[in-house]
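The residues making up each chain are set out below.
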Amino acid sequence: MTARPTRQPGLRQHVSADDHVAFVDLRAQTRALQPALTAAMEAVLRRGDFVLGEDVSGFEREFAAYCGVDQAVGVDSGLSALELALRAAGIGRGDEVITQANTFIATVSAILAVGARPVLADCDPQGAVDPAAVAACISPLTAAIIPVHLFGRIGDMEAILSLASAHGLAVIEDACQAHGAVWRGKRAGSFGLAAAFSFYPAKNLGAFGDGGMLATSSPDLADKARLLRNYGQRTKYEHEATPLNHRLDTLQAAVLRVKLPHLDRWNDRRRQLADRYRDRLADAPVETPPADEGRRHVYHLFVIGVDGRDALRATLTSAGIETGIHYPIPLHRQPVLASLGYGEGRFPETERLAARSLSLPMYPELPLDHLEDVTASIRHWLHG
Ligand SMILES: *Cc1c(COP(=O)(O)O)cnc(C)c1O
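This section reports on the structure supplied with the text.

The rules we used
All residue numbers here refer to positions counted from 1 along the written sequence of the relevant chain. For this predicted model, a pLDDT threshold of at least 70 governs which residues receive local features, and a threshold of 80 or more governs which side-chain atom pairs are given and counted, while totals over whole chains, interfaces and linings are taken from all residues. The basis for every side-chain value is the complete set of heavy atoms in the structure, and neither hydrogens nor water enter the calculation. A cutoff of 4 Å decides nearness: a residue is near a molecule or strand if any of its heavy atoms lies inside that distance of it. Counted as a polar contact is a pair of N or O atoms within 3.5 Å, where, for protein atoms, one must be capable of donating a hydrogen and the other of accepting one, and residues adjacent in sequence contribute only when both atoms are in side chains. Under the convention used here, a 1.4 Å probe and the Shrake-Rupley method define accessible areas, while residue burial counts only the protein chains that appear. Points on a 1 Å grid, built from protein atoms alone, make a cavity when a 1.4 Å probe fits but cannot get out and make a pocket when they are open with protein on both sides within 12 Å along at least 5 of 7 lines; residues with an atom within 4 Å of a point are the lining residues. Molecule-in-pocket calls rest on the fraction of atoms, with more than half required to lie within 2 Å of the cavity or pocket grid points. For the purposes of this entry, the term helix denotes a DSSP run of H or I that reaches at least four residues, the term strand denotes a run of E that reaches at least two, and both are numbered from the N terminus. Three classes are used: nonpolar for Ala, Val, Leu, Ile, Met, Phe, Trp, Tyr, Cys and Pro, charged for Asp, Glu, Lys and Arg, and polar for all others, with Gly counted as polar. Each residue's exposure class comes from its accessible area (1.4 Å probe, protein chains only) as a fraction of the maximum for that residue type: buried when under 20%, exposed when over 50%, partly exposed otherwise. In this scheme, strands are said to pair when DSSP sees at least two bridges between them. Here, axes are lines fitted to C-alpha atoms. For helices the fit covers the stretch in contact, and angles between N-to-C directions go from 0 to 180 degrees. Each angle gets one of four labels, with under 35 degrees taken as roughly parallel, over 145 as roughly antiparallel, 65 to 115 as roughly perpendicular, and the rest as oblique. Each helix crossing is assigned a hand: it is left-handed if the near helix lies turned anticlockwise from the far helix by less than a right angle, otherwise right-handed if that turn is clockwise. Should any heavy atoms of two residues lie within 4.5 Å, those residues are counted as being in contact. Residues grouped as a nonpolar core are buried Ala, Val, Leu, Ile, Met, Phe, Trp, Tyr and Cys residues, joined through side-chain atoms within 4.5 Å. With its strands directed away from the observer, a crossover is right-handed exactly when the path from the first strand over the helix to the second travels clockwise. Take a side-chain nitrogen of Lys or Arg and a carboxyl oxygen of Asp or Glu: if they are within 4 Å of each other, that pair is a salt bridge.

1. Some words on the site of the ligand
Next up, step 1: The ligand sits among 13 residues. The nearest are G78, D174, Q177, S198 and K203.
Next up, step 2: Between G78 and the ligand, the recorded distance is 2.8 Å, taken from a backbone N or O atom to an oxygen atom.
Next up, step 3: Alone, the ligand offers 380 Å² of accessible surface; in the complex the protein occludes 91% of this.
Next up, step 4: In this structure the site holding the ligand corresponds to the largest pocket.
Next up, step 5: Broken down by secondary-structure element, the contributors of at least two residues to the shell around the ligand are helix 4 (78-88) and helix 5 (106-113).
Next up, step 6: Residue composition of the shell around the ligand, by class: five nonpolar, six polar and two charged.

Next up, the structure:
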């Protein structure tokens, strides 16, 4: 650990710009992968195959193999991957789709986009959808369940899959935070009928802009998704399915192909940082995510639970330490979803997490002295 005079752990009061502890900093990763990134992009410029070019199909093959599925379809965002998975599975108006109340809005956006009704369920204390709560939501209209591998941790998929098979429901994984996560030897994206990944820059595998992937082992679903992402056409200007445009850019695919071979190493680093956070906060009155329980959590986010979260967050902010809240307003209390008719207090575990959760800086290149500053500042606040 470097001891710079301006850094006094726990007593960070006057913070200069270079003393700032960022929540995520993407620059170090981009630097580390030069000149390969520039070479990959220049190759696209030379070829000029900007739309559905050779890097798109190459990256689809590589990402499918990585996830352990037969097919992957490159799309323009994680939201599009979710939407096209639902559409390709034939889910739409008149159907209900169950997902969790604590997730990013995009999970529900996709359900709304296809005209289906989102049905929300509560989560377990780690933020994964609670299978018992899902079971209680199943109705004759239920068509699918979207479990979210929130924060990079896969929940109890066995329970979800057995509910789905007992009731004839599709399972579509929201794996947008879980690239490379493993549960019982299987990677995120390989459990359901289909899965959605996001390559938003700050995700575990991030592009230089928006991007996404639909993973599936169903050739039929993959074929439909390929039609749907490209104006419903198999042959140019012959449109046999809903004519949408959700293609992955070749430039983004070229960047992602350079990055994919590093993903496991980056996730290992996230897991080491999580271990260190746990160690440094071991005897402090905060909840930390439990170490592995037979799964490979990939820590898209490292989320602690603490009483007085807002005061702690303000203290950290004034010490130059960025944090996040995932998510401050649960879906059932979002104004745009008011018509679903869920009241305050309906999902107690989700609301408890919304009130207590604090996401600490987490990215593979996070300097250890930043992590030490974060934990020292938290301990100082707790004991102050
Ligand atoms: C990021 C994210 C999405 C959406 O991904 P975009 O690429 O931003 O559309 C969906 N679900 C979850 C849980 C996410 O974190």
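Read on for the rest.
2. Re the pairing of strand 14 (residues 357-360)
Next up, step 1: Neither face of strand 14 is open: one carries S357 and S359, the other L358 and L360, and all of them are buried.
Next up, step 2: Looking at chain direction, strand 13 (residues 302-305) and strand 14 are connected through four bridges and run antiparallel. Residue pairing in the sheet places F302 in a bridge with L360 of strand 14.

3. Examining the packing of helix 10 (residues 263-280) against helix 13 (residues 368-383)
Next up, step 1: One way to put it is that helix 10 packs onto helix 13 with a least axis distance of 10 Å and a crossing angle of 30°. Here helix 10 lies roughly parallel to helix 13, going by the angle between them. As for the relative orientation of helix 10 and helix 13, their crossing is right-handed in sense. Where helix 10 abuts helix 13, its residues R269, L273, R276, Y277 and R280 lie against L368, L371, E372, V374, T375 and R379.

4. Concerning the nonpolar core
The nonpolar side chains of a soluble globular protein tend to be buried, and buried together.
Next up, step 1: Core analysis: the biggest nonpolar cluster contains 59 residues, and F59, F63, V134, F197, F199 and L205 have the highest contact counts within it.
Next up, step 2: In terms of residues, this core owes the most to one element, helix 3 (residues 54-67), which gives six residues.
Next up, step 3: The contacts of F59, once residues within four sequence positions are left out, are F199, L205, M213, L248, A253, L256, R257 and L260.
Next up, step 4: Formed by 28 residues, the second largest nonpolar core is a distinct cluster that contains A85, A88, I146 and I172.

5. So, the pairing of strand 2 (residues 96-100)
Next up, step 1: Summarising burial for strand 2: five of the five residues are buried, a large majority.
Next up, step 2: Neither face of strand 2 is open: one carries E96, I98 and Q100, the other V97 and T99, and all of them are buried.
Next up, step 3: For strand 2 and strand 3 (residues 117-121), the ladder comprises five bridges, and the chain directions are parallel. Each residue of the ladder has a partner; that of I98, found in strand 3, is V119.
Next up, step 4: Crossover handedness for the path strand 2 to helix 5 to strand 3: right-handed.
Next up, step 5: In the sheet, strand 2 pairs with strand 4 (residues 142-146) via four bridges, with the strands oriented parallel. Bridge pairing in strand 4 links T99 to I146.

6. Focus on the pattern of salt bridges
Next up, step 1: Enumeration according to the criterion identifies 26 salt bridges in this entry.
Next up, step 2: The partner of R229 in a salt bridge is E60, and the shortest N-O contact between them spans 2.8 Å. Taken together, the residues R229 in helix 8 (residues 219-229) and E60 in helix 3 connect sequence positions 169 residues apart. Accessibility assignment for this pair places R229 and E60 in one class, buried.
Next up, step 3: The partner of D283 in a salt bridge is R379, and the shortest N-O contact between them spans 2.9 Å. Here the residue D283 occupies a position in the loop between helix 10 and strand 12 (295-296), and R379 occupies one in helix 13, the gap between them amounting to 96 residues.

7. Thoughts on the packing of helix 3 against helix 9 (residues 250-259)
Next up, step 1: Their axes nearest at 8 Å, the elements helix 3 and helix 9 cross at an angle of 40°. Between helix 3 and helix 9, the crossing angle belongs to the class labelled oblique. For the element pair helix 3 and helix 9, the recorded crossing hand is left-handed. Contact residues: helix 3 offers E54, D55, V56, G58, F59 and E62, while helix 9 offers T250, A253, A254, L256 and R257.

Such coordinate-based values are descriptive only and should not be taken to indicate function.
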